[in-house]
Amino acid sequence: MMDFMVAYSPLYLKGALVGLALTVFAMIGALLIGLLVALGRLSRRTPLRLLCLGYVTLFRGVPPLVLLYLVYFGLPAWASQAGSPLLIKLLSPLDNRLFAATLAFAVNAGAYTAEIIRASITSIHSEQMEAARSIGMTYPQAMRRIILPQALRVAFPPLCNEFIIVLKGTSLASVIGVTELMRNAQMVASATFLNLQAYLLAALFYVVMVILLQIASSAIERRLGTPRGSRS
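For clarity, every value in this text was computed on a predicted model and none was experimentally measured. In this convention, every chain numbers its residues from 1, walking through the sequence in written order. Residue-level local features of this predicted model are given only where pLDDT is at least 70; pairs of side-chain atoms are given and counted only at 80 or more, and the full residue set underlies all totals for whole chains, interfaces and linings. By convention in this description, side-chain values take in all heavy atoms of the structure and omit both hydrogens and water.

Which residues make up a nonpolar patch on the surface, and what are the values?
Surface patches are drawn from residues lacking salt bridges whose relative accessible area is over 30%; two like charges belong together within 9 Å, two nonpolar side chains (Val, Leu, Ile, Met, Phe, Trp, Tyr) within 5 Å. Computed with a 1.4 Å probe, the accessible areas rest on the Shrake-Rupley method; for each residue, only the protein chains presented here act as cover. Think of a salt bridge as a Lys or Arg side-chain nitrogen and an Asp or Glu carboxyl oxygen that are within 4 Å of each other. A surface patch of nonpolar side chains, amounting to about 520 Å² of accessible area, comprises Leu204, Val207, Val208, Ile211, Leu212 and Ile215. Strands here mean DSSP runs of E at least two residues long; helices mean DSSP runs of H or I at least four residues long; both are numbered from the N terminus. Topologically, leucine 204 is positioned in helix 9 (residues 195-224). With relative accessibility at 41%, the residue leucine 204 sits in the partly exposed group. Summary of the burial criterion: residues with accessible area below 20% of their type's maximum are buried, those above 50% are exposed, and those between are partly exposed, where the area comes from a 1.4 Å probe applied to protein chains only.

So what about the packing of helix 2 (residues 46-61) against helix 5 (residues 97-122)? Which residues, and what values?
If you want to describe how two helices pack, look at the angle between their axes and the distance between the axes. Axis lines are fitted through C-alpha atoms, for helices just across the contact stretch, and the angle between N-to-C directions can take any value from 0 to 180 degrees. Packing of helix 2 against helix 5 leaves a shortest axis separation of 8 Å and a crossing angle of 125°. Classified by the interaxial angle, the pair formed by helix 2 and helix 5 is oblique. The handedness of the crossing between helix 2 and helix 5 is left-handed. Here helix 2 contributes Tyr55, Val56, Phe59 and Arg60 to the contact with helix 5, which in turn contributes Ala106, Val107, Asn108, Gly110, Ala111, Tyr112, Ala114 and Glu115. To sort the angles, those under 35 degrees are grouped as roughly parallel, those over 145 as roughly antiparallel, those from 65 to 115 as roughly perpendicular, and the leftovers as oblique. We call a crossing left-handed when the near helix sits turned anticlockwise from the far one by less than a right angle, and right-handed when that turn is clockwise. Contact definition: two residues touch when any of their heavy atoms are within 4.5 Å.

So what's going on with the environment of threonine 102? Which residues, and what values?
Relative to the helices and strands, threonine 102 is located in helix 5. Discounting residues that sit within four places of it in the chain, threonine 102 has contacts with Leu22, Phe25 and Ala26.

Tell me what's going on with unusual backbone geometry, and back it up with residues and numbers.
Most peptide bonds take the trans form, and the phi angle of most residues other than glycine is negative. Within the chain, phenylalanine 193 stands out as a residue other than glycine whose phi angle is a positive 65°. For phenylalanine 193, the location among the structural elements is in the loop between helix 8 (181-192) and helix 9.

Before we move on, can you summarise the nonpolar core with the specific residues and values?
What makes a nonpolar core is a set of buried Ala, Val, Leu, Ile, Met, Phe, Trp, Tyr and Cys residues whose side-chain atoms join them at distances within 4.5 Å. Ranked by internal contacts, the top residues of the largest apolar core, which has 30 residues, are Tyr55, Leu67, Ala101 and Phe105. Sorting elements by how many residues they give to this core places helix 5 first, with eight residues. Excluding residues within four positions of it along the chain, alanine 101 makes contact with Leu22, Leu68, Ala173, Ile176 and Val178. Ranked by size, the runner-up nonpolar core spans 14 residues in total, among them Phe4, Tyr12, Leu167 and Leu181.

Right under this line is the structure:
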């Protein structure tokens with residue numbers, strides 16, 4: 001096993017870095033989506049509130065693997081069948097495996113992130129918004145300067161958990177050919193026929209990454225003084 005680890009760890013490390021980069025970009029997208037959807041969920045405009053609720057309900061219900069297939073295989077095929085040059089050009093970036101995987105994970109995680117941020121905003125006492133409005137702040141100003149900084153502090157622990165969930169979920173990107181950690185493990189297993197060693201080493205890499213992320217997030221949480229949270 002030690003000889004196997006020495007021989008293939010560089011390849012696994014390369015795949016792990018690809019998965020980590022995929023997670024970072026997916027979470028950036030998820031945070032942007034989540035913030036907009038969370039604010040929409042708190043809007044007084046019923047159509048917008050229902051639209052955002054529909055997004056959360058839909059993409060919390062669709063498994064990430066199904067979403068990957070829809071984004072990478074389904075949408076480009078639909079554009080080709082429709083015969084629309086505009087659609088084909090618009091959806092052509094989805095032919096890139098990394099872009100398609102990033103988009104699919106961002107859309108999926110965005111639904112969970114939206115609920116995390118919404119719950120964090122509602123946890124802030126309403127008197128703070130009233131006080132901000134009473135001194136002449138507009139609603140956007142009060143959200144940006146008073147509410148959101150506190151809400152994001154509260155949201156940090158569950159957002160860290162979401163990051164870890166997305167990181168582990170990047171193993172699904174192997175099904176569309178993204179050469180991340182799991183895909184490299186599959187290629188090693190096929191080349192050596194040492195299936196147990198190949199997948200055990202992949203599992204070890206995931207465990208080490210998650211432990212390191214948990215240590216880092218716990219250290220930041222202690223500085224922030226926030227309780228940990230998790231996806232329900």
